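Descriptive structure summary
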Amino acid sequence: MDFMTAFTRDRQFSDGAMGTMLQAAGLPNGVAPETWNLTHPDAVRAIHEAYRNAGSTIAVTNTFGAYAYKLGDIPVEDAVHAAIQCARDAGSVYVALDVGPTGKLLEPLGELTFEDAVADFSRVVRAGSGADCVLIETMSDLRECRAAVIAAKENCTLPVLASLTFDENGRLMSGADVETVVAVLTAAGADAIGVNCGLGPKQLLPVVKRMHACAEVPVFANPNAGLPEMVEGKTVFPLTAAAFANEMAELAVYCVGLGGCCGTVPEHIRMLVERCRELPIPESVPQTKAVIASASRTFTFGTVPCLIGERLNPTGKPKLKAALRAGNMDYLQREALAQSEKGVHALDVNVGLPGIDEGAMMENAVRAVQSVCELPLQIDTSSPEVMARGLRAYCGKALINSVSGKRAVMDAVFPIAKKYGGVLIALTLDDNGIPETVDGRVEIARKIVEEGAKYGIPSRDIIIDPLAMAVSAQPDAAQVALETIRRVTRELGVGTILGVSNISFGLPQRDNINAAFFTLALDAGLTAGIINPGSDAMRKAYASFLVLHGLDKNCVAYIEAYADAEDIPAQKKPEAPGLRDCIIRGLKDAAAEETRKRLDAGTPPMEIVDGELIPALDEVGRLYETGKSFLPQLLISADAAKAAFTVLRERMAASGVAEKTRGTIVLATVHGDIHDIGKNIAASVLENYRFDVRDLGKDVPPEEIVAAVVRENVQLCGLSALMTTTVTAMEETIRALRISAPWCKIMVGGAVLTEDYAKKIGADFYCATAMDDVRYAEEIFG
């Protein structure tokens with residue numbers, strides 16, 4: 001029986017922790033576990049046999065970190081082939097190729113490009129074609145997980161299972177919630193979605209419930225055996241096999257696949273199988289509404305009408321044209337944020353101009369806008385090549401504008417939409433042009449929906465554009481469009497969308513016509529409107545419609561928007577953002593320019609630092625700590641602050657003024673661990689608070705860390721570890737520091753740590769977030 005048939009029909013059980021078992025078998029600290037596939041195959045095979053004998057039906061290969069930069073002289077292909085052979089020799093029913101995180105942050109949050117990440121994952125996937133499925137696991141960054149899914153889909157035909165690590169608030173480290181994760185990864189082609197690591201079964205139950213509610217694909221869970229503790233100098237996970245099995249039974253209500261992660265051994269799996277084997281298999285929940293998503297939020301069609309901002313389209317916009325020709329992404333970012341503040345739900349991105357490389361510009365624009373704005377995007381182009389490049393660059397589930405009833409267009413666009421996922425806007429025109437009648441447009445809409453089904457694109461993910469033509473040239477244009485909306489909604493059961501302002505082309509005072517038509521279209525059932533969010537008339541029409549249709553409970557949104565409207569000048573143009581706002585919004589180029597302006601006006605550098613930069617960073621930190629913003633916002637604000645600090649340093653150096661720092665801090669990822677995401681984040685934020693960071697890198701031996709601390713009499717050292725197999729190296733480093741540098745305070749962080757665990761290994765402070773590093777450093781240095 002093929003894997004996916006078995007996975008959806010019968011309950012399947014993954015194995016437990018590989019690292020825990022390898023340590024017990026004698027894996028030394030600092031040795032890459034994947035090397036044992038070649039040097040100690042009997043030990044790896046014995047672990048697979050133990051799990052198989054316990055009842056596991058899926059053996060997860062020992063390839064979690066099988067990347068070239070970690071394996072040294074050992075070819076990736078050799079390590080992966082040997083890992084699969086070990087699992088096969090153990091008699092495993094199914095073999096899952098394990099693909100773990102690279103340990104690096106992707107752009108724009110880090111230095112790893114999307115395509116480089118895809119290349120790293122692709123090499124592992126190609127080498128692992130002998131497995132039965134690909135298991136992408138322990139992902140905390142949605143961008144990285146999406147890159148892995150795309151790599152798997154492009155390089156093999158195996159089913160792809162994507163598993164992520166959530167915090168207790170149901171979010172990834174990168175800020176994505178459960179619904180966003182499901183939308184983005186299923187759009188990319190994941191065949192199943194799951195959770196693993198980080199937390200135990202009880203803590204992951206709310207996450208799994210939400211995942212099952214919004215995913216049509218199977219859901220699975222491989223939790224830890226609780227949260228780690230330190231007992232007699234050893235890392236221990238507290239849940240006994242019986243307790244783990246009982247807690248997993250609650251997850252079985254929502255999960256097809258069950259297994260374990262850190263701290264689970266064959267006895268945990270044996271009791272899990274015994275407890276859950278006969279429990280009913282949950283059925284997936286059918287999804288009926290279209291969903292679009294950015295990397296951190298979703299919008300579900302059919303809740304309220306969707307507003308799509310039209311201002312990132314160069315047609316009739318000379319300033320935007322000039323910005324595109326100059327490659328000025330800062331202008332696009334500010335325009336995106338301005339529209340976001342007007343309350344739209346998504347943004348149209350169109351960069352079509354003669355004489356520019358539209359494909360490259362689309363990639364740059366998508367990345368730039370997404371780096372500062374959380375709204376989902378609409379990739380708008382008539383070129384299939386540009387469409388594909390934009391969708392590939394976009395971490396989300398986009399609106400795709402557009403397909404039509406033209407045969408060549410459908411043949412080109414539907415495969416792209418199927419590969420990258422998205423909600424397709426379908427224009428009611430074909431090779432014969434735009435029908436003048438409602439019947440003609442409805443038939444084209446029907447044809448497009450039926451053609452999409454041939455590619456596996458559900459009708460809910462197609463939104464029909466009835467095409468609003470200018471009433472100045474076609475008097476019945478509005479009535480034809482409105483009746484098409486009604487009939488498409490009634491007969492095809494799909495959503496509708498309009499570029500509203502087309503209706504008034506050629507007429508004076510166009511906002512009057514646009515607002516009236518928009519209201520009529522909404523009343524006819526319009527699902528989404530592409531509008532100018534700067535139009536007061538359009539926003540009022542929309543707000544009033546929500547009130548009158550009972551979609552604004554107790555008129556809360558309307559009152560909030562218009563209670564004091566008489567005090568606000570109509571159509572007031574937004575002021576250019578100040579330096580503080582530039583930092584908070586993450587506008588790097590604008591932050592640098594505003595800093596230059598203040599310096600040129602005679603403002604002393606430290607007055608800028610203490611009066612604007614630090615307060616802005618404090619506000620960003622407050623939003624982050626209270627859950628109102630997330631890691632991407634923290635890091636892009638840090639980048640904007642760095643740009644400002646760079647200008648300040650250059651000016652201070654030129655004038656002979658010495659820069660003052662608040663204290664020196666040594667940071668390192670401990671020996672044997674090549675994952676430096678957490679450490680890099682901490683370094684970035686600390687530097688912006690004017691701490692002098694000595695970043696020693698990753699996989700740093702204890703003696704090197706001690707030497708760096710002693711050499712400069714450093715008062716604070718930060719240590720990071722992601723893997724359970726390297727926490728012992730963290731404890732060893734702490735012991736060495738206590739002996740050779742007893743004055744130095746030690747803060748620690750990492751996915752496998754808890755506050756209690758940090759205390760037991762001798763650390764002074766546990767950092768759950770990057771802002772915790774800052775707060776503790778301020779406490780130490782004043």
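Rules used throughout
Residues numbered from 1 in each chain as written. Predicted model: local features only at pLDDT ≥ 70, side-chain atom pairs only at ≥ 80, totals over all residues. Heavy atoms only, no water. Helix = DSSP H or I, 4+ residues; strand = E, 2+ residues; numbered from the N terminus. Buried < 20%, exposed > 50% of the residue type's maximum accessible area, 1.4 Å probe, protein only. Contact = heavy atoms within 4.5 Å. Areas by Shrake-Rupley, 256 points an atom, 1.4 Å probe, with all protein chains shown as cover. Lys, Arg positive; Asp, Glu negative; His and termini not counted. Charge placed at Lys NZ, Arg CZ, Asp CG, Glu CD. Salt bridge = Lys/Arg side-chain N within 4 Å of Asp/Glu carboxyl O. Pairing = 2+ DSSP bridges. Right-handed = clockwise from strand over helix to strand, strands pointing away. pLDDT = per-residue confidence, 0-100. Axes fitted to C-alpha atoms, helices over the stretch in contact; angles between N-to-C directions. Parallel < 35°, antiparallel > 145°, perpendicular 65-115°, else oblique. Left-handed = near helix turned anticlockwise from the far one by under 90°. Nonpolar A, V, L, I, M, F, W, Y, C, P; charged D, E, K, R; others polar. Phe/Tyr/Trp six-rings, centres within 6.5 Å; stacked < 30°, edge-to-face > 60°. Lys NZ or Arg CZ within 6 Å of the ring centre and 35° of its normal.

Looking only at helices and strands, the chain features 31 helices and 25 strands. In terms of principal-axis extent, the alpha carbons of the chain reach across some 85 × 75 × 50 Å. Looking at the chain as a whole, 57% of its 782 residues are labelled buried. For the chain, the share of sequence-separated contacts (at least 6 apart) that also reach a separation of at least 24 residues comes to 75%. When the accessible area of the chain is evaluated, it comes to approximately 30,200 Å², of which 51% is carbon and sulfur surface. In the chain, the 75 positive side-chain charges and the 100 negative ones have mean positions that sit 3 Å from each other.

This paragraph deals with the pattern of salt bridges. Following the criterion strictly, the structure yields 46 salt bridges and no others. Between Lys642 and Glu687 there is a salt bridge; the shortest N-O distance is 3.9 Å. In this pair, Lys642 sits in helix H26 (residues 631-654) while Glu687 sits in helix H27 (residues 677-688), placing the two residues 45 residues apart along the sequence. For Glu687, a relative accessible area of 30% corresponds to the partly exposed category. Taken together, the shared-partner salt bridges in this structure form one network comprising Asp439, Glu443, Arg446, Arg487 and Glu491.

Along strand S7 (residues 219-222), one buried face is formed by Val219 and Ala221 and the opposite face, lined by Phe220 and Asn222, is buried too. Pairing geometry for strand S6 (residues 192-196) and S7, over four bridges, is parallel. Looking across to S7, one finds that Ile193 is bridged to Val219. Since S6 and S7 lie parallel, the crossover through helix H10 (residues 201-214) that links them has a hand, and here it is right-handed.

All right, on to the confidence of the model for the chain then. Across the chain, the average pLDDT comes to 92, with 97% of residues at 70 or higher. Long-range and interchain partners of residues 567-574, a stretch whose pLDDT sits below 50, account for three contacts in this model, where long-range means more than four residues apart.

The parallel open sheet is built from five strands, whose spatial order is S22-S21-S23-S24-S25. Edge positions in the sheet fall to strand S22 (692-695) and strand S25 (765-766), since each of these pairs with one other strand and no more. Taken together, the four bridges between strand S21 (residues 664-669) and S22 define a ladder with parallel strand orientation. Pairing of Ile665 across the sheet is with Val693, part of S22. Along the sheet, helix H29 (residues 727-740) makes contact with strand S23 (716-720) and strand S24 (745-749), crossing S24 at roughly 175°.

Packed helix pairs are characterised by how far apart their axes lie and by the angle those axes make with each other. One can describe the packing of helix H24 (residues 588-600) onto helix H25 (residues 605-625) by two numbers: an axis separation of 10 Å at closest approach and a directional angle of 130°. Between H24 and H25, the crossing angle belongs to the class labelled oblique. Crossing angle aside, the handedness with which H24 passes H25 is right-handed. Packed against H24, whose contacting residues are Thr595, Arg598 and Leu599, the element H25 presents Pro605, Ile608 and Glu612 at the interface. Across the contact of H24 with H25, the residue classes break down as three nonpolar, one polar and two charged.

For the structure shown, the criterion picks out eleven aromatic pairs. With a centroid separation of 6.2 Å and 75° between ring planes, the pair formed by Phe7 and Phe220 is classed as edge-to-face. Within this pair, whereas Phe7 is found in helix H1 (residues 3-9), its partner Phe220 is found in strand S7, the two being separated by 213 residues in sequence. By relative accessible area, which is 1% here, Phe7 ends up buried. Judged by relative accessible area, Phe220 falls into the buried class, the value being 2%. By way of ring pairs, the aromatic residues Phe3, Phe7, Tyr94 and Phe220 are connected into one cluster. The ring of Tyr69 has Lys104 sitting right over it, with the charged end atom 4.4 Å from the ring centre.

The next point concerns unusual backbone geometry. Between Asn401 and the following residue, Ser402, the backbone shows a cis peptide bond with an omega angle of 20°. Within the secondary structure layout, Ser402 lies in strand S16 (residues 399-404). With phi around 65°, Cys197 is a residue other than glycine that occupies positive phi space. The residue Cys197 is located in the loop between S6 and H10 in this model. Of the residues examined, Cys197 reaches a relative accessible area of 9% and is grouped as buried. The phi torsion at Leu467 lies on the positive side, around 70°, for a residue other than glycine. In this structure, Leu467 sits in the loop between strand S18 (462-465) and helix H19 (477-492).

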